[in-house]
Amino acid sequence: MSSSPGEVPPLTGDAPPADGPADALPPGCGLTVKQVDDQVHFAAGLPVVYVQNYKAACTSMKFSLLLSILPEEQISDSALHWRGEGPFARRLSACTAAEIEEILGRPAFTVVRNPYARILSAYLDKVSLSQPQGQAFYRRFFLQPNAEERIGFVDFLRCVASDHPRTCDPHFGLQYVNTLAHHIDYDFIGSIEDTGAIADYLRGHSVVLEPWIHHSTHAAALLETHYSAEAEALVDTIFAEDFRLFGYPRGLARAQEPPTRAERAPRRGVALADFAANPEGCAQPGTREVEAMRRFERSRKPAERRAIAEDGVTFSDWRAVKALANAMIEANALDLAHPLLDRLTLLLTAHMD
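Here we summarise the structure given alongside this text. (Residues numbered from 1 in each chain as written. Predicted model: local features only at pLDDT ≥ 70, side-chain atom pairs only at ≥ 80, totals over all residues. Heavy atoms only, no water.)

This next bit is on unusual backbone geometry. In this model, Lys-55 sits at a positive phi of 60 degrees, which is unusual for a non-glycine residue. Judged by its relative accessible area of 9%, Lys-55 is buried. Notably, Phe-142 is not glycine yet its phi reads approximately 55 degrees, a positive angle. With respect to the element layout, Phe-142 can be found in the loop between helix H6 (132-140) and helix H7 (153-162). Taking the relative accessible area as the measure of exposure, Phe-142 reaches 48% and is therefore partly exposed. (Buried < 20%, exposed > 50% of the residue type's maximum accessible area, 1.4 Å probe, protein only. Helix = DSSP H or I, 4+ residues; strand = E, 2+ residues; numbered from the N terminus.)

Here is the structure:
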């Protein structure tokens, strides 16, 4: 990579060098244990696995699935929103290899949403001081919150555009990252724009679709109110892979249309079952920063660690850059720590004018 420390390159932290394979994974595709544990929902008695996608009817999906195995009065808010209790509380990382094989052998499904409507819904629902996601957003981007007026939609999108796909709040982030789409052979990918198809799929697995509308923002009906040409262009850029992968048409005029397809090409990433069974030993080709940080954490050779830290000034994942900077400070390698700290500052303030 040839980017200089004084420039913030496009968000390609997981991409290989320019001369790498044409089918390289897009940014943010590196699997982590926390991400898999948070997104993959399974329970005893459920014949399917659901991979959560925030702001795409995820609460309705979980509510419907739990209703098929529990009386409604036993379904708590924690079971629906925070996984603190209930059938979804168990994570894949707590399962044995045999259990993982059985669970991930079930049909997997997810639900996606038109990027224009989804990001507007996230903005209207979550970018508020009354929401923990809103409070975290203002802290993350060093913004002074105004209790009476939220940040403008275009400014919000600029902040999202400056973040790394792997560190962005999943309510605002990329759907191909949320759904682990490059690592799963899905049985079904539904869309908010065609709830009939979702209902038919769930019915085929003895589940009745029960909409949960408490977080509804009616974003699809408010597109013209909030979108400018700049906002539309920002969404086109930020969510380019979501448009491509899930087959959504470009342009606000077509924002109500269902996707034309959900890609069924062979997986390009590591198989989720392989990663879940052995996360530490499972290589993830094409995810440059993830692999670099794994090598850094495992290595006890100062020269190898220094080489990774030198490459760190091209990383777009601020958390990885911060970890490298801290390690170089602890090792008293200040000649490497200073460029990394400069890089970290650029990444954290890239959204500012």
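After presenting the structure, the write-up continues.
So, about the sheet that holds strand E2 (residues 49-51). One open sheet accounts for four strands, arranged E1-E2-E3-E4; its pairing is mixed. Since the sheet does not close on itself, it has two edges, and those belong to strand E1 (40-41) and strand E4 (188-191), each with one partner. Where E2 lies against strand E3 (residues 108-112), two bridges are found, and the strand directions are parallel. Looking across to E3, one finds that Val-49 is bridged to Ala-108. Along the sheet, helix H2 (residues 58-67) contacts E1, E2 and E3; its crossing angle with E2, the most-contacted strand, is approximately 165 degrees. Across the sheet, helix H9 (residues 195-203) lies against E3 and E4, angled at about 140 degrees from E4, the strand it touches most. (Pairing = 2+ DSSP bridges. Contact = heavy atoms within 4.5 Å. Axes fitted to C-alpha atoms, helices over the stretch in contact; angles between N-to-C directions.)

Another aspect to go through is the packing of aromatic side chains. Enumeration according to the criterion identifies 14 aromatic pairs in this entry. The interplanar angle of 80 degrees and the centroid separation of 5.9 Å between the aromatic rings of Phe-137 and Tyr-138 together place this pair among those described as edge-to-face. The same class applies to Phe-137 as to Tyr-138, namely buried. Here the aromatic residues Tyr-116, Tyr-123, Phe-137, Tyr-138, Phe-141, Phe-153, Phe-156, Phe-172, Tyr-227 and Phe-243 are joined through ring pairs into a cluster of three or more. Positioned over the ring face of Tyr-123 is Arg-150, at 5.3 Å from the centre of the ring. (Phe/Tyr/Trp six-rings, centres within 6.5 Å; stacked < 30°, edge-to-face > 60°. Lys NZ or Arg CZ within 6 Å of the ring centre and 35° of its normal.)

Turning our eyes to something else, we now look at the nonpolar core. Soluble globular proteins tend to pack their nonpolar side chains together in the buried interior. The biggest cluster of nonpolar side chains holds 60 residues, and the ones touching the most others in it are Ile-119, Phe-153, Phe-156, Phe-172 and Tyr-227. With seven residues, helix H5 (residues 115-126) is the largest single contributor of residues to this core. Once you skip the residues sitting within four places of it in the chain, Ile-119 turns out to touch Phe-153, Phe-156, Leu-157, Phe-172, Tyr-227, Val-235 and Phe-239. (Core = buried A, V, L, I, M, F, W, Y, C linked by side-chain atoms within 4.5 Å.)

Of the two faces of E4, both are covered, the one formed by Phe-188 and Gly-190 as well as the one formed by Ile-189 and Ser-191. Pairing analysis gives four bridges linking E3 to E4, with the strands arranged parallel. If you follow Phe-109 over to E4, its bridge partner there is Phe-188.

Let us now look at the packing of helix H16 (residues 318-330) against helix H17 (residues 334-348). For the pair H16 and H17, the least separation of the axes is 8 Å and the interaxial angle reads 155 degrees. It follows that H16 is roughly antiparallel to H17 by the angle criterion. Here H16 runs over H17; the crossing is left-handed. Residues Trp-318, Val-321, Lys-322, Leu-324, Ala-325, Met-328 and Ile-329 of H16 pack against Leu-334, Leu-336, Ala-337, Leu-340, Leu-341, Arg-343, Leu-344, Leu-347 and Leu-348 of H17. Considered class by class, the residues forming the contact of H16 with H17 number 14 nonpolar, no polar and two charged. (Parallel < 35°, antiparallel > 145°, perpendicular 65-115°, else oblique. Left-handed = near helix turned anticlockwise from the far one by under 90°. Nonpolar A, V, L, I, M, F, W, Y, C, P; charged D, E, K, R; others polar.)

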